[in-house]
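Fold and geometry: a report
One letter stands for each residue in the lines below.
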Amino acid sequence: MGAPAGALGTVAVAGTLEPLLGPLTGIVVDAAIFLVVVVAAYVLHKAVIAPLAGRVFDRQGLDEHARRPLQKIVAFVVLFAGVTVAFGAAGYQGFLRSLATIAAAATLAIGFALQDVIKNFVAGVFIYTDKPFRIGDWIEWKGNSGIVEDISLRVTRVRTFDNELLTVPNHALTSDVVKNPVAKKTLRLKFVFGIDYEDDVERATEIIVEEAEQSDAILDDPEPSVRLTELADSYVGLQSRIWIDDPSRADFVKARADYVKAVKQRFDEEDITIPFPQRTVSGRDAWEEPASFGGDA
């Protein structure tokens, strides 16, 4: 059986170089084969694999911030595979086996040492694939809230509404409930207006609805609604439910503030009272002046 064409070519090249390099011929040829295979893997990645991965990312609708780390992972995998093949092609199988043994032991040790990093990396992959939020979204979790500024495979950076930058491990955002109020095109807001027990509930309800209908920031469909939800100690609670379009934190705060202010002004104009908390103190028996200490002699 004849030797493979590649092996014959290698032998021919070695025979040509041997008069020039002498005992170094084998080392130089193996190194050249290693380098050629690595360069071929790099060219294959740039010419074929990277464009193919780009088309896959386009079909998945990934944002630019999500594409960058995934492209790095693809490049690393291709390079690793290329180096592995290059070791075998260059005749470094023994070194490759030793390297694999060392890498397995190192991977085990690093896995124990970097459990949190790996956990956050996996959580970052889930964030990229599930897309619970995007850069620019307003999110809330565990009593915190803010605007997402950056998402990496390890951490997510969120700027609070006090202009503080929070660096949040990705695991913290995938292991608990995260609220994304702006994930949909509309957002419902609720606000309770408290009026006096002696005021006209029907008239107050009409005013609340009218001011919602006159606001440009509040949608007509779904239409505003009001429900009597509380009979508190000092007020009757009327809960207004309104919807705003394409919400952001700024839109939400301004829309609600303007709406509440308009309702308050109408209440003042029509003598509808927003009462203060009141307490009534009463005693079972009438108060009597205590007897004087000591009696008549």
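Only a predicted model underlies this, so the values are computations on that prediction, with no experimental measurement involved. (Residues numbered from 1 in each chain as written. Predicted model: local features only at pLDDT ≥ 70, side-chain atom pairs only at ≥ 80, totals over all residues. Heavy atoms only, no water.)

1. Describing a negative patch on the surface
Cut-off, in case you're wondering: Patch membership requires over 30% relative accessible area and the absence of a salt bridge. Like charges are linked within 9 Å, and nonpolar side chains (Val, Leu, Ile, Met, Phe, Trp, Tyr) within 5 Å. Computed with a 1.4 Å probe, the accessible areas rest on the Shrake-Rupley method; for each residue, only the protein chains presented here act as cover. Criterion for a salt bridge: a side-chain nitrogen of Lys or Arg within 4 Å of a carboxyl oxygen of Asp or Glu. His is not counted, nor are the chain ends; Lys and Arg add positive charge and Asp and Glu add negative charge. To locate a charge, the coordinates of NZ of Lys, CZ of Arg, CG of Asp or CD of Glu are taken. Elements are defined by DSSP. Helices are runs of H or I of four residues or more, strands are runs of E of two residues or more, and each kind is numbered from the N terminus. Buried means the residue's accessible area, taken with a 1.4 Å probe over protein chains only, is under 20% of the maximum for its type, while exposed means over 50%, and partly exposed covers the values in between.
A cluster of acidic residues, Glu213, Asp220, Asp221 and Glu223, forms a negative patch at the surface. Considering the arrangement of structural elements, one finds Glu213 in helix α7 (residues 201-214). Given the relative accessible area of 48%, Glu213 is considered partly exposed.

2. Describing the sheet that holds strand β7 (residues 236-245)
The criterion, for reference: Think of it this way: DSSP has to see at least two bridges between two strands before they count as a pair. Inter-axis angles, ranging from 0 to 180 degrees, are taken between N-to-C directions of lines fitted to C-alpha atoms, where helices are fitted over the stretch in contact. Whether two residues are in contact is decided by their heavy atoms, any of which lying within 4.5 Å being enough.
Reading across the sheet, the three strands line up as β5-β7-β6 and stay open at both edges, with antiparallel pairing between neighbours. The open sheet has two edge strands with one neighbour each: β5 (186-195) and β6 (225-231). In this sheet, adjacent strand axes meet at a mean angle of 30 degrees when their direction is disregarded. Pairing of β5 with β7, which is carried by ten bridges, proceeds in the antiparallel orientation. Among the inter-strand pairings, Ile195 is bridged to a residue of β7, identified as Val236. Contacts from α7 reach β5, β6 and β7 within the one sheet, and its direction differs from that of β7 by about 15 degrees.

3. Quick look at the sheet that holds strand β2 (residues 144-151)
As summarised here, the arrangement of the four strands in space is β1-β2-β3-β4, forming an open sheet in which the pairing is antiparallel. Each having just a single partner strand, β1 (138-141) and β4 (165-169) make up the two edges of the open sheet. Adjacent strand axes in the sheet meet at a mean angle of 45 degrees when their direction is disregarded. Where β2 and strand β3 (residues 155-159) come together, four bridges link them in antiparallel fashion. From the neighbouring strand, Ile151 faces β3, where its bridge partner is Thr156.

4. Thoughts on the side chain of Arg266
Counted only if it meets this: Between N or O atoms, a polar contact is any pair within 3.5 Å; within protein, one atom must be a potential hydrogen donor and the other a potential acceptor, and residues adjacent in sequence are included only when both atoms are from side chains.
Within the secondary structure, Arg266 is located in helix α8 (residues 249-269). Here Glu211 takes part through its side chain, which lies 2.8 Å from a polar atom of the side chain of Arg266. Apart from residues no more than four positions distant in its own chain, Arg266 is found in contact with Arg203, Ile207, Glu210 and Glu211.

5. Some thoughts on the confidence of the model for the protein
As a reminder of what qualifies: Values of pLDDT, ranging from 0 to 100, describe the predictor's confidence in every residue of the model.
The predicted model of the protein has a mean per-residue pLDDT of 78, with 71% of residues at 70 or higher. Mean pLDDT per element in the protein: helix α1 (residues 5-21) is the minimum at 48, and α7 is the maximum at 94. For residues 5-15, every residue scores under 50 in pLDDT, and the model assigns this stretch five contacts once sequence neighbours within four places are set aside.

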